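Commentary on secondary and tertiary structure
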There are 2 protein chains.
Amino acid sequence: MVQALIFDVFGTCVDWRSSVARDVAAMLPTVDAEAFATAWRAEYDPAMARIREGGRGYVPLDDLHLENLDTVARQTGVTVPDRAALNAAWERLDPWPDVVEGLGRLKRDHIIAPCSNGSIALMTRLARYADLPWDCILGAELAQDYKPKPAVYLACCAALRLPAHNVMMVAAHNNDLHAAQACGLQTAFVPRKTEHGPGQTVDLEPDGDWDICAPDFITLASHLEAKA
Amino acid sequence: MVQALIFDVFGTCVDWRSSVARDVAAMLPTVDAEAFATAWRAEYDPAMARIREGGRGYVPLDDLHLENLDTVARQTGVTVPDRAALNAAWERLDPWPDVVEGLGRLKRDHIIAPCSNGSIALMTRLARYADLPWDCILGAELAQDYKPKPAVYLACCAALRLPAHNVMMVAAHNNDLHAAQACGLQTAFVPRKTEHGPGQTVDLEPDGDWDICAPDFITLASHLEAKA
């Protein structure tokens with residue numbers, strides 16, 4: 001019995017790549033916006049890795065994004081006129097077309113919440129921008145650590161006062177689901193085959209024994225309604 | 001400039017007394033339901049006081065409510081058939097009549113969130129029951145301490161990544177506003193003159209220099225819209 005669904009956000013709910021590229025193009029008109037967005041995102045996992053491995057205390061993703069922006073600007077020789085304004089691009093990410101309707105349906109019978117590496121502030125502002133109807137904001141900040149560390153998934157279940165087997169993790173990334181499953185959560189895979197652009201080679205197919213695989217959130221809602 | 005509004009919930013947003021009494025009447029038909037609800041709530045502050053004073057580590061309010069239910073049941077010689085079901089009465093509290101409309105208007109231009117002593121789980125389930133359209137759930141659990149300790153108000157501002165002077169605390173209780181103001185937050189007083197029943201003697205009037213006093217959330221929204 002699934003009582004709550006928790007969601008990866010970057011890539012699973014929202015199209016970070018084209019959204020960030022749009023803001024880069026508006027604020028840095030001379031750079032290759034898609035390449036800049038991809039390079040910025042490429043710094044994401046290494047920045048979190050140091051924290052996951054204990055080499056640095058927890059720092060919210062907003063601050064990592066800003067450090068990473070400075071790194072990419074330095075590497076590409078670009079001067080960013082308003083760093084904070086561009087960093088807020090991560091609060092203005094467009095949802096995939098099925099997301100708002102799908103979440104609305106899933107919310108009828110389940111608690112829905114992000115389980116993202118984004119901070120509470122970032123997820124709150126993004127939800128307002130993208131009309132994501134979360135019941136509450138969960139994720140990395142509660143655990144003061146980053147996915148795929150087990151502490152993050154377990155902190156979400158604890159905050160909801162639910163056993164892990166009553167919570168389903170929804171993600172477009174197999175590694176996220178492997179980590180959640182190892183913590184005892186149920187899992188749903190919803191591929192986003194253009195998250196990384198038209199030439200994407202990763203996460204096109206499920207590579208684990210997930211409880212549900214669905215092409216979009218609306219179909220996911222139908223699966224869960226049929227089970228109820 | 002107010003960017004976010006954070007709210008006391010029990011008493012300010014919802015009528016805990018008549019709602020809990022309703023569930024007590026349904027589940028314990030032989031007891032005086034209003035007296036039982038009042039006695040249950042009377043254990044609330046002493047239970048938190050031990051934690052605020054450091055005599056006990058943080059325990060979520062759900063667990064304190066259950067301990068307090070056992071205390072009142074023992075004092076009154078009542079046998080409670082399903083303690084967990086009755087304890088969930090705190091997740092089924094009716095909003096005052098102006099709250100849902102008022103929050104909807106306030107949400108247009110501001111982040112809105114509870115700053116309650118209730119847990120994330122309790123506030124999430126209550127929001128679903130009462131249609132409270134929060135952007136995120138903040139409050140005591142983030143700080144692992146209880147209001148009116150400054151840590152709770154400051155944790156809410158930190159989670160939103162906002163300075164305290166851009167955040168307004170809304171409450172029907174003067175002591176809550178005194179504590180928030182001491183932390184640098186703006187303050188709004190919305191009295192709830194029957195929270196404790198028809199003979200209420202406390203918090204009928206403002207007793208501090210609050211930024212806004214309004215009779216209900218709709219008028220509060222009008223005040224803020226006029227300032228914008």
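None of these values were measured; they are calculated from a predicted model.

1. Concerning the overall build of chain A
Tallying secondary structure elements over chain A gives 11 helices and 6 strands in all. Relative to the 2.2 N^0.38 estimate, which gives 17 Å for 228 residues, the radius of gyration of chain A is 17 Å and therefore close to what a compact globule would have. Within chain A, buried positions represent 49% of all 228 residues. Taking all contacts inside chain A whose residues are at least 6 apart in sequence as the whole, residues at least 24 apart take part in 62%.

2. Considering the interface of chain B and chain A
Across the boundary between the two partners, chain B contributes 13 residues, which contact 13 residues of chain A. Counting only elements with at least two residues in the side of chain B that touches chain A, the list comes to helix 7 (120–130) and helix 9 (150–160) of chain B. At 5 residues, helix 7 of chain B tops the list of elements feeding residues into the side of chain B that touches chain A. Its residues placed into classes, the side of chain B that touches chain A shows 8 nonpolar, 1 polar and 4 charged.

3. Some thoughts on the domain arrangement of chain A
Often the size quoted for an interface is simply the accessible area lost on bringing the parts together. All names here are of chain A. Annotation of chain A at the domain level lists domain 1 (4–15 + 92–227) and domain 2 (16–91). Centre-to-centre, using C-alpha coordinates, domain 1 lies 22 Å away from domain 2. At the junction of the two partners, domain 1 supplies 23 residues and domain 2 supplies 16 residues. It is helix 7 (residues 120–130) that provides the largest number of residues to the side of domain 1 that touches domain 2, a total of 5 residues. Looking at the side of domain 1 that touches domain 2 residue by residue, the class counts come to 8 nonpolar, 7 polar and 8 charged.

4. A closer look at the sheet that holds strand 5 (residues 186–189) of chain B
The sheet built from 6 strands is open, its strands ordered 3-2-1-4-5-6 (chain B) with parallel pairing. Strand pairing shows two members of the sheet lacking a second neighbour, strand 3 (138–139) and strand 6 (212–213) of chain B, which therefore form its edges.

5. Brief notes about helix 1 (residues 16–27) of chain B
Between its first and last C-alpha, helix 1 of chain B extends 16 Å over 12 residues, near the 16 Å set by a 1.5 Å rise per residue. Restricting attention to buried positions, one finds in helix 1 of chain B the residues Trp16(B), Arg17(B), Ser19(B), Val20(B), Ala21(B), Asp23(B) and Val24(B).

6. Quick look at the packing of helix 6 (residues 99–109) of chain B against helix 11 (residues 217–227) of chain B
Residues and elements named next belong to chain B. Where helix 6 meets helix 11, the axes come as close as 7 Å, and the angle between the chain directions of the two elements is 20°. Considered as vectors, helix 6 and helix 11 are oriented roughly parallel to each other. The handedness of the crossing between helix 6 and helix 11 is left-handed. Counting all contacts with helix 6, which are made through Val99, Glu101, Gly102, Leu103, Arg105 and Leu106, the residues of helix 11 involved are Phe217, Ile218, Leu220, Ala221 and Leu224. The residue makeup of the contact of helix 6 with helix 11, split by class, is 8 nonpolar, 1 polar and 2 charged.

7. Here's the deal with the confidence of the model for chain A
Per-residue confidence for chain A gives a mean pLDDT of 98, with 100% of residues at or over 70. Across the whole predicted complex the pTM is 0.98, and at the interface the ipTM reaches 0.97.

8. Some thoughts on the relation of the copies chain B and chain A
In summary, the two copies of the chain are related to each other by a rotation about an axis coupled with a shift along it. Taken as rigid bodies, chain B and chain A are interconverted by a rotation of 180° and an axial shift of 0.0 Å, the fit giving an RMSD of 0.0 Å. Taken together, these values place the two copies in the relation of a two-fold axis. Among all residues of chain B, the one whose C-alpha sits closest to the rotation axis is Cys136(B), at a distance of 2.5 Å. Interface overlap between copies is the fraction of interface residues in one copy that are interface residues in the other; for chain B against chain A it reaches 100%, indicating a shared surface.

9. A word on the packing of helix 2 (residues 33–42) of chain A against helix 4 (residues 61–76) of chain A
Residue and element names in this part refer to chain A. It is at 9 Å that the axes of helix 2 and helix 4 come closest, and there the two elements cross at 130°. In this view, helix 2 runs oblique relative to helix 4, as classed from their interaxial angle. Helix-helix and strand crossings are classified by hand; for helix 2 and helix 4 the assignment is right-handed. Contact residues: Phe36, Ala39 and Trp40 in helix 2; Asn68, Leu69, Val72 and Thr76 in helix 4.

10. Overview of the sheet that holds strand 5 (residues 186–189) of chain A
All names here are of chain A. A sheet is described by the order of its strands in space; here 6 strands give the open sequence 3-2-1-4-5-6, paired in parallel fashion. With partners counted over all chains shown, the strands left at the sheet margins are strand 3 (138–139) and strand 6 (212–213), one partner each. Both strand 5 and strand 6 contribute to a ladder of 2 bridges, which runs parallel. Pairing of Ala188 across the sheet is with Ile212, part of strand 6.

11. With respect to the environment of Gly208(B)
Residues and elements named next belong to chain B. Looking at the element boundaries, Gly208 is found in the loop between strand 5 and strand 6. With 12 C-beta atoms packed within 10 Å, Gly208 lands in the exposed category. Residues Gly208 and Met169 lie 39 residues apart in sequence; the distance between their C-alpha atoms is 13 Å. The residues touching Gly208, leaving out its near neighbours within four places in the chain, are Asn174, Leu177, His178 and Gln181.

12. Brief notes about the pairing of strand 1 (residues 4–7) of chain A
Residues and elements named next belong to chain A. The alternating pattern of strand 1 places Ala4 and Ile6 on one face and Leu5 and Phe7 on the opposite face, and all of these are buried. Pairing analysis gives 4 bridges linking strand 1 to strand 2 (residues 111–116), with the strands arranged parallel. If you follow Ala4 over to strand 2, its bridge partner there is Ile111. When strand 1 meets strand 4 (residues 167–171), the two strands line up parallel, connected through 4 bridges. Bridging across to strand 4, Phe7 finds its partner in Val170.

Here is what the cut-offs are and how they apply
Residues numbered from 1 in each chain as written. Chains lettered and ligands numbered in written order. Predicted model: local features only at pLDDT ≥ 70, side-chain atom pairs only at ≥ 80, totals over all residues. Helix = DSSP H or I, 4+ residues; strand = E, 2+ residues; numbered from the N terminus. Rg over C-alpha atoms; globule rule 2.2 N^0.38 Å. Buried ≥ 20, exposed ≤ 12 C-beta atoms within 10 Å, placed from the backbone. Contact = placed C-beta atoms within 7 Å. Nonpolar A, V, L, I, M, F, W, Y, C, P; charged D, E, K, R; others polar. Domains from an automatic or database assignment. Pairing = 2+ DSSP bridges. Expected span 1.5 Å × (residues − 1). Axes fitted to C-alpha atoms, helices over the stretch in contact; angles between N-to-C directions. Parallel < 35°, antiparallel > 145°, perpendicular 65-115°, else oblique. Left-handed = near helix turned anticlockwise from the far one by under 90°. pLDDT = per-residue confidence, 0-100. Least-squares fit on C-alpha atoms with pLDDT ≥ 70 in both.

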